[in-house]
Amino acid sequence: MDLLTRGRRPVRGPARRPHGGLATHLRDPVRVVFLALAGLVAAGWALVALDGGQFLTLESVVGIQQRSAALGIVAIGQTLAILAGSLDLSVAYLISLASLVAAEIMAGQDGNIGPAIAAVLAISALVGLVNGLVITRLRVHAFIATLGVALIIKGVVDHLYDGPAGKVPESFQLLGYSRAGPIPVSAMLWAGVAVVAWFLLSRTRLGYRIYAVGGNEEVARLSGIRTSRVIVITHVLCSVCAGIAGLLLAARLGAGAPTVGTDGGYDLESIAAVVLGGTALAGGRGRVAGTVGGVLLLAVLDTLFNQLEVNSFVKDVVRGAVIVVAVAVYARRGTRRPA
C-alpha cells in the first residue's frame, strides 16, 4: 500500500515532515513561495511609495484577483497533469476555442447559457481525452502530443474565425465583473476549482495514484495502478479547467476571441506558475497551494511593473529570471535531500 499511495517520496501534509527551525520550513516550497510573495508585496509597497503612489489599493487588489482568476484555473489543471509526470501545451488554443464556442451558442440569449457551458465542457473533455490517449496509447511524449493537438486546434480556429464572434448575454458577463465586497465572483470560481483539486489530491484514491504515477510510473504500474488511465484522467481534468477559463474570459470580453488564449500566454504562464509553486516538472511532488502562491506571485509582480511603468522588455526579463532562479533553488533543494 505504501507504493500505491506514496510514489517516490511523501509530499503532502505537515505531519509527514519533521518540525524544525527556519531551514526546515524553507525546505517547503509552499512556504517559500508565500514568503516570497510577502517579500514582493513589502518591496512593491516601498518602491511605489518612493514613486509617490500607493501599492495594492482596494481597486488594484480586486484587479489582481480578476486578472489572475483565469490563469489560476488553468494552472490548477496544469498542476494535475504535471504531478502525473505529464504537461499540456494545448490549453491556450483550447481557451480560445472555448470562448468562441460559448459566445456563439449563447448568442446573447440567457436561455442558451446552460447548453453553451455543457458544450464547452464536453469539447474540453474530448480534447483532454485525445491528449491522454495519444500520450498513453501511441507513446508520444506529452510535449509533442499536446503541441500537436494545440496546432490542430489552432488550424480549426484560424479556418473558422477571422476575429471576435458571438455575443455573451449580460447575465453571464456578471461572472467576469461582479463581486461580493472586495472578492470578485471570478476569484470565488478559482478558489472553488482549487478546493476541488486539493480534495481530489489529498482525500481520494485518484489523488494518491496521481502522485504515485508521477513519482515513478514503472513502480506504480508494478503496484497494480492503471497508469495510463490516471494520465488520461489528469489530461481530461486539465482540459476541463482550460474550458472553464475560456468561459470566464468570454464573460469578461462579452464575446469569443480566437487569440484570447494565446495572447494571454496561458500555456507557458500556467506551467511557470506551477513551477514557482514548487511542483516538480518530473512529477510526483507538489501541491495545489503552491500553485495558488505561484499565480499570485506572478499577478502581484505584473501589478508592480504596471504601477512603476516598467517596459515590456524588462518585465519579460525579470519574470524569466524569477522562474529560472526558482527552478534552480528547488532543484538544489531536491538533490540535497537524503535518499
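Residues numbered from 1 in each chain as written. Predicted model: local features only at pLDDT ≥ 70, side-chain atom pairs only at ≥ 80, totals over all residues. Heavy atoms only, no water.

(A) Layout of the confidence of the model for the protein. In the predicted model, the protein carries a mean pLDDT of 89, and the fraction of residues at 70 or more is 90%. Taken element by element, the predicted model of the protein shows its lowest mean pLDDT in helix α1 (residues 2-6) (45) and its highest in helix α6 (residues 113-136) (98). (pLDDT = per-residue confidence, 0-100. Helix = DSSP H or I, 4+ residues; strand = E, 2+ residues; numbered from the N terminus.)

(B) Broad picture of the nonpolar core. Judged by nonpolar contacts, the single largest core of 91 residues is most densely connected at I95, I153 and L201. Look past the residues within four positions of I95 in its chain and what remains in contact with it is V74, A242, A245, G246, L249, V260, G261 and Y266. (Core = buried A, V, L, I, M, F, W, Y, C linked by side-chain atoms within 4.5 Å. Buried < 20%, exposed > 50% of the residue type's maximum accessible area, 1.4 Å probe, protein only. Contact = heavy atoms within 4.5 Å.)

(C) Examining the pattern of salt bridges more closely. Considering all chains together, one arrives at six salt bridges under this definition. Between K154 and D158 there is a salt bridge; the shortest N-O distance is 2.9 Å. Highlighted residues: K154 and D158, both in helix α7 (residues 142-160), separated by four residues, approximately one helical turn. Given the relative accessible area of 31%, K154 is considered partly exposed. With a closest N to O distance of 2.4 Å, R221 and E218 form a salt bridge. Remark: E218 and R221 occur in helix α11 (residues 217-222); sequence separation between them is three residues, near one turn of the helix. Looking at E218, the relative accessible area reads 41%, which means it is partly exposed. (Salt bridge = Lys/Arg side-chain N within 4 Å of Asp/Glu carboxyl O.)

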